[in-house]
Amino acid sequence: MAQKLDRAQVVDTALRLLDEVGLEGLTLRRIAAELDCKAPALYWHFANKQALLDELATEMIRRMIAGSEPPTADTPWQHQLALTCRTLRRTLLGHRDGAKVFSGTRLTDTGHTDRFEGQLDSFVRAGFTLPEAVEAYFTAYSFTVGFVIEEQAVHPLPGERAPGYDPAERAERIGPERPLTAAASTDLFTDYERRFERGLAIVTAGIEALHAEAPHAEAPHADRTR
């Protein structure tokens, strides 16, 4: 008698296959074949591929939280934001097309909300209103996910380079008629670690500058009784 599938087994298999075949190749039919079952058996757990992707993104976040220490309550917002973005980037880079899977998905539980509460609280303690805090967080979050999508287009997995992204070949294709664009090839498609940190610093500095310029009433203290 075939062993009954559980949701966690399907998710583990899907994440493993994701690393092998990427997002486009990841189908419920392929997962079912890997689990030696019929595709309809998976619909008991996931109505469609999007529902599966929502769960994959949630599982990534679960593992990220389980594998990292939360910042202390008095950590400045700049440090909390940098830690959040760096940890998210490492998590997404851990799977082929990890950022594409994560982008636009709806998390299926609230396990991430304690970390989010702490992040928002760090902004509010620094004088941000809640809408300003959300805007600042979302800007940094969007930068991180978008950066990793572009990074994984070039390096689907660490140590792997996709065809068409060799800087020297690109510069040669563009030719000497556009010298700046040709020379930009190296800066566009190499040194992602440094460029991510630089981009994160730019985002953080922009948040700081806008906050310093805006008039603010005294922000209410977060409710400590919860």
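Residues numbered from 1 in each chain as written. Predicted model: local features only at pLDDT ≥ 70, side-chain atom pairs only at ≥ 80, totals over all residues. Heavy atoms only, no water.

Draft legend 1. A look at the layout of surface pockets. Put simply, the largest pocket is a space of about 520 Å³. Lining the largest pocket are 22 residues; nearest its centre among them are Ile61, Met64, Thr84, His112 and Tyr137. Going through the elements one at a time, helix 3 (49-66), helix 4 (77-93), helix 6 (113-125) and helix 7 (130-154) are the ones with two or more residues in the lining of the largest pocket. No other element matches helix 4, which puts 5 residues into the lining of the largest pocket. (1 Å grid on protein atoms, 1.4 Å probe; cavity = no way out; pocket = protein on both sides within 12 Å on 5 of 7 lines; lining within 4 Å. Points joined across faces, edges and corners; volume = space filled by probe spheres on them. Helix = DSSP H or I, 4+ residues; strand = E, 2+ residues; numbered from the N terminus.)

Draft legend 2. The arrangement of the packing of helix 6 against helix 7 in detail. One can describe the packing of helix 6 onto helix 7 by two numbers: an axis separation of 9 Å at closest approach and a directional angle of 120 degrees. Our classification of the angle between helix 6 and helix 7 gives oblique. Our pair here, helix 6 against helix 7, has a crossing hand that is right-handed. Only Leu130, Ala133, Val134, Ala136 and Tyr137 of helix 7 make contact with helix 6, whose side of the interface consists of Phe116, Gln119, Leu120 and Phe123. (Axes fitted to C-alpha atoms, helices over the stretch in contact; angles between N-to-C directions. Parallel < 35°, antiparallel > 145°, perpendicular 65-115°, else oblique. Left-handed = near helix turned anticlockwise from the far one by under 90°. Contact = heavy atoms within 4.5 Å.)

Draft legend 3. Representation of helix 9 (residues 179-189) in the model. Listing the buried residues of helix 9 in full gives Ala182, Ser185 and Phe189. Seen along its axis, helix 9 keeps its buried residues to an arc of 50 degrees; they face one direction. Turned more than 90 degrees away from the buried face of helix 9 sit Pro179, Leu180, Ala183 and Asp187, all of them exposed. Lining the buried residues of helix 9 we find helix 7, helix 8 (167-174) and helix 10 (192-213). Looking one or two residues past helix 9, Asp191 carries a phi angle of roughly 55 degrees, positive in sign. (Buried < 20%, exposed > 50% of the residue type's maximum accessible area, 1.4 Å probe, protein only. Arc of directions from axis to C-beta.)

Draft legend 4. How the structure looks around the pattern of salt bridges. Enumeration according to the criterion identifies 14 salt bridges in this entry. Here Arg63 makes a salt bridge to Glu59, at a shortest N to O gap of 2.8 Å. Here Arg63 and its partner Glu59 are both found in helix 3, 4 residues apart, which amounts to about one turn of the helix. Look at Glu59 and you get buried, because its relative accessible area is 17%. Salt-bridge contacts for Arg89 lead to Glu193; the nearest nitrogen and oxygen are separated by 2.9 Å. Within this pair, whereas Arg89 is found in helix 4, its partner Glu193 is found in helix 10, the two being separated by 104 residues in sequence. Residue classification places Arg89 among the buried positions, given a relative accessible area of 5%. Salt bridges linked by common partners bring Arg7, Asp12, Glu55, Glu59, Arg62, Arg63 and Asp109 together as one network. (Salt bridge = Lys/Arg side-chain N within 4 Å of Asp/Glu carboxyl O.)

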